[in-house]
Amino acid sequence: MLKRDFSASEARVSLVVSAATFAVALASPFIGLFADAIGRKRVIVPCLFALAFTTLGCTLSHNLHQLILWRFLGGICTPGIIAVTLAYISEEAHERATGSVTALYVTGTVVGGLVGRISSAIVADYRPWQWSFGILTILTFLGAAAVAILLPPSRRFERHTQWRQSFDAMRHHLTNPRLLATYLIGFIILFAHVGLFTYINFHLAEPPFSLSTSQLGAIFLVYALGIVITPLSGRLIDRFGHRAGLCVAVALTVPGCLLTLLPNLPLIIFGIAIASSGVFVAQSSASSHIGRAADGARSVASGLYVSCYYLGGSVGATALAAPYHLGHWPAVVVSVILLQLAALAITWRFFAAKPPSPPRSHELPLPLE
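Small disclaimer: the values here were computed from a predicted structure and weren't measured.

**Q** Account for a nonpolar patch on the surface, naming residues and giving values.
**A** A surface patch of nonpolar side chains, amounting to about 520 Å² of accessible area, comprises Val111, Val115, Ile135, Leu139, Ile227, Val228 and Leu232. No other element matches helix α11 (residues 224–240), which puts three residues into the nonpolar patch. Looking at where Ile135 falls in the secondary structure, it is placed in helix α7 (residues 129–150).

**Q** I'd love a proper account of the packing of helix α5 (residues 79–92) against helix α6 (residues 98–126), names of residues and values included.
**A** One way to put it is that α5 packs onto α6 with a least axis distance of 10 Å and a crossing angle of 155°. As the angle between them shows, α5 and α6 are arranged roughly antiparallel. Two packed elements cross with a definite hand, and for α5 against α6 that hand is right-handed. Residues Ile81, Ile82, Thr85, Leu86 and Ile89 of α5 form the contact with α6, whose participating residues are Val101, Thr102 and Tyr105.

**Q** Please give an account of the packing of aromatic side chains that cites residues and values.
**A** Within the structure shown, the criterion is met by 10 aromatic pairs. Taking the centre distance of 5.6 Å and the plane angle of 70° together, the rings of Phe49 and Phe141 count as edge-to-face. With Phe49 in helix α3 (residues 41–59) and Phe141 in helix α7, this residue pair connects regions lying 92 residues apart in the sequence. Residue classification places Phe49 among the partly exposed residues on the basis of a relative accessible area of 32%. The class for Phe141 is partly exposed, based on a relative accessible area of 44%. By the ring-pair criterion, three or more aromatic residues cluster together here, those being Phe6, Trp129 and Phe133. Stacked on the ring of Trp131, the Lys or Arg Arg127 has its end atom at 4.9 Å from the ring centre. Between Arg243 and the ring centre of Trp348, over which it is positioned, the NZ or CZ distance is 4.5 Å.

**Q** Run through the side chain of Ser287, naming residues and quoting values.
**A** Here Ser287 shows up in helix α13 (residues 265–293). The exposure class assigned to Ser287 is buried, which follows from its relative accessible area of 5%. One polar contact links the side chain of Ser287 to the main-chain carbonyl oxygen of Gln283, over a distance of 2.5 Å. Not counting residues up to four positions away in its chain, the partners in contact with Ser287 are Leu86, Thr102 and Tyr305.

**Q** Can you lay out the nonpolar core for me, pointing to particular residues and giving the numbers?
**A** Side chains of a nonpolar character, in soluble globular proteins, are inclined to be buried together. In terms of nonpolar packing, the biggest core is built from 36 residues, with Leu179, Ile185, Ile189, Tyr305, Val306 and Tyr310 touching the most fellow members. Elements that contribute at least two residues to this core include exactly α2 (10–38), α5, α8 (163–173), α9 (177–205), α12 (242–259), α13, α14 (298–319) and α15 (321–350). Filtering out sequence-adjacent residues up to four positions away, Tyr310 remains in contact with Thr21, Phe22, Val24, Ala25, Ile82 and Leu190. Counting residues in hydrophobic clusters, the runner-up holds 35 residues, among them Ile268, Ala275, Phe280 and Val336.

**Q** Can you lay out α9 for me, pointing to particular residues and giving the numbers?
**A** When the terminal C-alpha atoms of α9 are compared, their 42 Å separation across 29 residues agrees well with the 42 Å that a helix rising 1.5 Å per residue should span. Counting buried positions over the 29 residues of α9 gives 23, a clear majority of the element. Structurally, the start of α9 carries an N-cap: the backbone nitrogen of Arg178 is 3.0 Å from a side-chain oxygen of Asn176.

**Q** Mind laying out helix α4 (residues 64–77), listing which residues take part and the relevant values?
**A** At 3.6 residues per turn, the α-helix brings residues three or four places apart onto the same side. End to end, α4 covers 20 Å across 14 residues, agreeing with the expected 20 Å (1.5 Å per residue, within 8%). Every buried residue belonging to α4 is among Leu64, Leu67, Ile68, Gly74, Gly75 and Cys77, and all of these are buried. For α4, the angular spread of buried residues about the axis comes to 165°, placing them on one side. Contacts made by the buried residues of α4 are with α1 (2–5), α2, α3, α5 and α7.

Analysis parameters
Residues numbered from 1 in each chain as written. Predicted model: local features only at pLDDT ≥ 70, side-chain atom pairs only at ≥ 80, totals over all residues. Heavy atoms only, no water. Patch = residues over 30% accessible without salt bridge, like charges linked within 9 Å, V, L, I, M, F, W, Y side chains within 5 Å. Areas by Shrake-Rupley, 256 points an atom, 1.4 Å probe, with all protein chains shown as cover. Salt bridge = Lys/Arg side-chain N within 4 Å of Asp/Glu carboxyl O. Helix = DSSP H or I, 4+ residues; strand = E, 2+ residues; numbered from the N terminus. Axes fitted to C-alpha atoms, helices over the stretch in contact; angles between N-to-C directions. Parallel < 35°, antiparallel > 145°, perpendicular 65-115°, else oblique. Left-handed = near helix turned anticlockwise from the far one by under 90°. Contact = heavy atoms within 4.5 Å. Phe/Tyr/Trp six-rings, centres within 6.5 Å; stacked < 30°, edge-to-face > 60°. Buried < 20%, exposed > 50% of the residue type's maximum accessible area, 1.4 Å probe, protein only. Lys NZ or Arg CZ within 6 Å of the ring centre and 35° of its normal. Polar contact = N/O pair within 3.5 Å; in protein donor to acceptor, adjacent residues only side chain to side chain. Core = buried A, V, L, I, M, F, W, Y, C linked by side-chain atoms within 4.5 Å. Expected span 1.5 Å × (residues − 1). Arc of directions from axis to C-beta.

Next up, the structure:
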């Protein structure tokens, strides 16, 4: 719809996605430092309300440039929700339950993604696209109010007021091979996910499928699988380890992508469902691995992860325009599968084969300071 209304190419329209994800990548490490200094909830709640305001800005946009700008500003707010919440979970959840709790959080993002995409697509079929962002503004504001009321204050938060120590922690994390591997996995996860769901829309909007806006939006109903699969992936991680979780994720994503090459709409949707399920498992595995791999300053570690994760989404939304133009949808599928195989190799090399065990008191990670 944006491509038609603004007479823009796929690459230009994809900036509506990549501008937001690129902003998340830029802001994530620094918001993590800020959260380490003032606390988790004090960052999460204001960022949620700021996100609602920037979504309202999208509603009032009159051209593609304004829309991209407001999307970028919304992306700046987002790490204060995602990265800081991951740090909150790693601190407040029991050691052996981190995978399950993180999976529940990812399930929440799955529900949010499903509701946001379906509602905006249905509205856009009957009203101008600005109305879709208006609905999202209301939903985001209500969510922000709910979190402000319901989120318990941190009990195990340790304040880090010296910025130099936080930057030292950041440098320390960037020399940790296990964390670097986790960051690279996060990059690949969202690269594949955003790439698949961006270009499958262009693919299915063209003949012989020629789906409408609401029909394309209905494809995101496959997100509903994540409501079931993501909590199960948390149990898988807690029992068999993070490596097993990533291996299962790749085993789902690759055949799911291959199914989308068939000239049959139900099988394509089934393939997208399987592939997205793999993404949900991978995200639970990688994001919960941060708490195990980081030896202190977990908010900074989570911020770096979210930065790499969304940088992958930003690159995937735009970079896959090249293979799409060169070889259409099959070229996109091949690109994503090659990345999945690379993720599997990284996982096998750097992720532990055994599940985490409860640490003894003298084995607890020490603060970097």
